[in-house]
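# Reading the structure
Here's the letter readout for the chains.
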Amino acid sequence: GPTVQMSATMGHLWSRVFKLGAGESRVVLAAGAGAGLAAAFNAPLAGAIFVFEELLRRFELRIAVATLSACGAALVVVRALIGDRLVFSLPPITVEMFPGFFLLVIAGGLFGILGVAYSRMIVAGLDLVDRARRIPPEVIAAMVGALVGLVAFVSPTWVGSGESEVQSVLDGGHTLGAIVVLFAVRFVLGPLCYAPGFPGGLFAPLLAVGSAAGLIVGIILESLVPMLGLPLAGCAAIGMGGLFVAVVRAPLTGIALVVEMTGPTSLFVPLLVACASAVAVPAMLGCRPIYDTLQERDSARRRQSAKP
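Residues numbered from 1 in each chain as written. Predicted model: local features only at pLDDT ≥ 70, side-chain atom pairs only at ≥ 80, totals over all residues. Heavy atoms only, no water.

### Digging into the overall build of the protein chain
Under the convention used in this document: The way it works is that DSSP assigns letters per residue, a run of H or I at least four long becomes a helix, a run of E at least two long becomes a strand, and they are numbered from the N terminus. To get the radius of gyration, use the C-alpha atoms; to get the globule rule, take the number of residues to the power 0.38 and multiply by 2.2 Å.
Summing up its helical and strand segments, the protein chain has 13 helices and 0 strands in all. For the protein chain, the sequential pattern of α-helices and β-strands runs α-α-α-α-α-α-α-α-α-α-α-α-α. Since a compact globule built from 308 residues should have a radius of gyration of about 19 Å, the 20 Å found for the protein chain is in line with a globular shape. With the C-alpha coordinates of the protein chain rotated into their principal frame, the extents come out at 60 × 45 × 40 Å.

Below, the structure written as structure tokens:
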């Protein structure tokens, strides 16, 4: 997301200010990225895990100390400025052993399929922008901005960071038709705005889409299996984690992020079950993690531009 990128950039700038070597600069950059995620979502543990699971993909003690310190310091500053509060409020979650956890495996698979579709839409949007290189970027920005403005005119809650809409989904009160429309709009707007490089990133839009998807799945399961006993708010929260890990393929980060944002530790086990299949299904379908795909595209573009 933009916050992670800005924080990593700040880490790089500080390393240049203090004239650090390559190894020290890498430590500061990684710690800055983790701190940015921690501050943006009030999730220090998720910020630290993200560094090792997604950025480095290995554990290094030196970077661990720097990252944990940076995430802790970031949260101290954030909470001093805006207070200590959960991003989303959610009641405790209870799930019956059967059929609850069995259905969560199925729900996680559905989130995995949605994650594949979302990832491919992002790639398709990037391909479309690449093919439209002759069109000035200002024109593309105006076209997408006009569409987003039209959506905002119809319903202001359908655009933006999605924080208020996610909370409204967790609170309930949406009909199935309304939540399907919200899901469809968010599902299209996320990749549409990401492809030209507009602010917004991947994380926040994924959480908004995932919460709507989770609520839809919860409503359907509740109608089919009344004895499920899982609150709809819990389904929405599990949807946030399930879609996140299906697209980013960072299950530990996704689970920690959702629990830290919502509060109840009773979410851990349901998230573990759902995220297991949400990670497995995209892998079986041959869909690569989105950041791996984006990195390969960037490397290919650089090699092509370097050719004489």
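Once the structure has been displayed, the description carries forward.
### Some thoughts on the pattern of salt bridges
Pairs can form between side chains of opposite charge once their charged atoms are near each other. The condition is simple: Criterion for a salt bridge: a side-chain nitrogen of Lys or Arg within 4 Å of a carboxyl oxygen of Asp or Glu. Summary of the burial criterion: residues with accessible area below 20% of their type's maximum are buried, those above 50% are exposed, and those between are partly exposed, where the area comes from a 1.4 Å probe applied to protein chains only.
This structure, assessed with the given rule, holds 11 salt bridges. For Arg 62, the salt bridge is made with Glu 24, and the minimal N-O distance between the two is 3.3 Å. One end of the pair, Arg 62, is in helix α4 (residues 61-82); the other, Glu 24, is in helix α2 (residues 22-41), with 38 residues separating them in the sequence. With relative accessibility at 33%, the residue Glu 24 sits in the partly exposed group. The closest approach of N and O atoms between Asp 130 and Arg 297, which form a salt bridge, is 2.7 Å. Here Asp 130 is found in helix α5 (residues 100-131), whereas its partner Arg 297 is found in helix α13 (residues 290-306), with 167 residues between them in sequence. According to the relative accessible area criterion, Arg 297 is buried, its value standing at 18%.

### Describing the packing of aromatic side chains
Inclusion rule: Any Phe, Tyr or Trp ring, taking Trp's six-membered ring, that has another such ring centre within 6.5 Å forms a pair; planes under 30 degrees apart are called stacked, those over 60 apart edge-to-face, and the others tilted.
Applying the stated criterion across every chain, the model contains 7 aromatic pairs. Here the aromatic rings of Phe 52 and Phe 59 are separated by 5.2 Å at their centres, their planes lie at 40°, and the arrangement is tilted. With a centroid separation of 6.4 Å and an interplanar angle of 65°, the aromatic rings of Phe 203 and Tyr 291 are classed as edge-to-face. Of this pair, Phe 203 sits in helix α9 (residues 203-224) while Tyr 291 is found in helix α13, placing the two residues 88 residues apart along the sequence.

### Comments concerning the packing of helix α3 (residues 44-56) against helix α11 (residues 251-262)
Condition: In this analysis an axis means a line fitted to C-alpha atoms, helices contributing only their contacting stretch, and an angle means the value between N-to-C directions, from 0 to 180 degrees. We call two directions roughly parallel when the angle between them is under 35 degrees, roughly antiparallel when it is over 145, roughly perpendicular when it lies between 65 and 115, and oblique otherwise. Whether two residues touch is decided by their heavy atoms; if any such pair falls within 4.5 Å, the residues are in contact.
At a minimum axis separation of 8 Å, α3 and α11 run at an interaxial angle of 170°. Taken together, α3 and α11 sit at an angle that is classed as roughly antiparallel. Here α3 contributes Pro 44, Leu 45, Ala 46, Ile 49, Phe 50 and Glu 53 to the contact with α11, which in turn contributes Pro 251, Leu 252, Thr 253, Ala 256, Leu 257 and Glu 260.

### Side note on the side chain of Arg 186
Stated formally: Charge counting treats Lys and Arg as positive and Asp and Glu as negative, with His and both chain ends excluded.
Looking at where Arg 186 falls in the secondary structure, it is placed in helix α8 (residues 176-194). Summary of buried charges: Arg 186 has no salt-bridge partner, and the nearest side chain of opposite charge, Glu 165, is 6.2 Å away. With near-sequence residues (within four places) excluded, Arg 186 lies in contact with Thr 157, Trp 158, Val 159, Gly 160, Ser 161, Gly 162, Pro 191, Ala 208 and Val 209.

### Considerations on the environment of Leu 202
By the element assignment, Leu 202 lies in the loop between α8 and α9. Exposure remark for Leu 202: the relative accessible area of 2% places this residue in the buried category.

### Notes on helix α6 (residues 137-154)
This is how the line gets drawn: Expected span of a helix, by definition, is 1.5 Å for each gap between consecutive residues, and there is one gap fewer than residues. Think of the arc as the fan of directions from the helix axis to the C-beta atoms.
Between its first and last C-alpha, α6 extends 26 Å over 18 residues, near the 26 Å set by a 1.5 Å rise per residue. Looking only at α6, the buried set comprises Ile 140, Val 144 and Val 151. Down the axis of α6, the buried side of the element spans an arc of 20°, and every buried residue falls inside it. With respect to the buried face of α6, the exposed residues turned more than 90 degrees away are Glu 138, Leu 150 and Phe 153.

### Description of the nonpolar core
Note the following rule: For the purposes of this section, nonpolar cores are sets of buried Ala, Val, Leu, Ile, Met, Phe, Trp, Tyr and Cys residues that join through side-chain atoms within 4.5 Å.
In terms of nonpolar packing, the biggest core is built from 75 residues, with Phe 41, Phe 203, Ile 238, Leu 257, Leu 267 and Leu 271 touching the most fellow members. It is α9 that contributes the most residues to this core, 12 residues altogether. In contact with Leu 271, not counting residues within four places along its chain, are Ala 237, Ile 238, Gly 241, Ile 255, Val 258 and Val 259.

### What to know about the packing of helix α7 (residues 163-171) against helix α10 (residues 232-248)
With their axes 7 Å apart at the nearest point, α7 and α10 run at an angle of 140° to one another. On the basis of the axis angle, α7 is oblique to α10. Together, Val 166, Val 169 and Leu 170 of α7 and Ala 233, Ala 236, Ala 237 and Met 240 of α10 make up the contact between the two elements.

In short, shape yes, function no, at least from these values alone.
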